[in-house]
Amino acid sequence: MPHIHHKKNGINIPLAYIQKPFIDLDERGVEYNLTMFGFTISHERSHALDDWCSQYETFASYDGIKFDAWPSIGDDLADISGITICREYLREFQLKNEDILPIQRLSFEAFFVYFAIQSRQQISKKAIIAQLKTNPHPLDKYRCNVPLSRIPTFRTIFNIKKGDKMWWHSTNRVWED
């Protein structure tokens, strides 16, 4: 009888990644650690899910960039899922600690700001063209903006309205609020 190999999902985390600056238990709160480490783990875990359509092409078109998002759909889904898992964890953390609403709002705001900060990218126009042809990931700007645009909490805190470039018609994610 032939031996059947089953593919298993797994994540190997280098020890250096679970130290400063990726994890900072001394000076920064749960929001920082979720965006630096929690998002990465959630993103990687989400690769085990089926791939589906993306809005990254639309967000890139706002900047006059045309590209085929098909090669990055797996990472697109993982980005959307990863930020949603972290947001859900933060909500559960707040409820467990019985945080009052103003504190919850400040906590979410810090989380979203840290996420944007860790997504910063400085790139020349020539490099953008090369990235669009060779990198299986979208530009970091879109990896930040697209997942955030789907989160109702983000929309509320930053007053995102229909017609704004950060507005997306759907808030569907893998895990709902």
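Just so you know, these numbers come straight off a predicted model, no measurement behind them.

**Q** Which residues make up the environment of G29, and what values go with them?
**A** With respect to the helices and strands, the residue G29 is situated in the segment before α1 (30-46). Measuring from C-alpha to C-alpha, the distance between G29 and S107 comes to 9.0 Å, with 78 residues separating the pair along the chain.

**Q** Explain the packing of aromatic side chains residue by residue, including any values.
**A** For the structure on display, the rule yields nine aromatic pairs. Judged by centre distance (5.3 Å) and plane angle (90 degrees), the rings of F112 and F154 are edge-to-face. Residue F112 is located in helix α4 (residues 101-118), and its partner F154 is located in helix α7 (residues 152-157); the two are separated by 42 residues in the primary sequence. Across this residue pair, the class does not change: F112 and F154 are buried. Ring pairs connect the aromatic residues F108, F111, F112, F154 and F158, which therefore count as one cluster. Above the ring of W167, the side-chain terminus of R155 is found at 3.8 Å from the ring centroid.

**Q** Tell me about helix α3 (residues 73-96), and name the residues and values.
**A** Spanning 24 residues, α3 covers 34 Å between terminal C-alpha atoms, matching the ideal 34 Å at 1.5 Å per step. Looking at the residues trailing α3, positive phi occurs at E98, about 55 degrees.

Procedures and definitions
- Counting starts from 1 at the beginning of each chain's written sequence and moves along it residue by residue.
- Under the rules for a predicted model, residues below a pLDDT of 70 receive no local features and side-chain atom pairs below 80 are neither given nor counted, while totals for whole chains, interfaces and linings still include all residues.
- For the side-chain quantities, the full set of heavy atoms in the structure was used; hydrogens and water were omitted.
- By the criteria applied, helices consist of DSSP H or I runs no shorter than four residues and strands consist of E runs no shorter than two, each listed in order from the N terminus.
- Here is the rule: rings of Phe, Tyr and Trp (six-membered ring for Trp) pair when centre to centre is within 6.5 Å. Planes less than 30 degrees apart are stacked, more than 60 are edge-to-face, and the remainder are tilted.
- Think of it in three bands: with a 1.4 Å probe and only protein chains considered, a residue is buried below 20% of the maximum accessible area for its type, exposed above 50%, and partly exposed in between.
- In our convention, an over-ring charge means Lys NZ or Arg CZ found within 6 Å of a ring centre and within 35 degrees of that ring's normal.
- Working rule for helices: expected span equals 1.5 Å times residues minus one.

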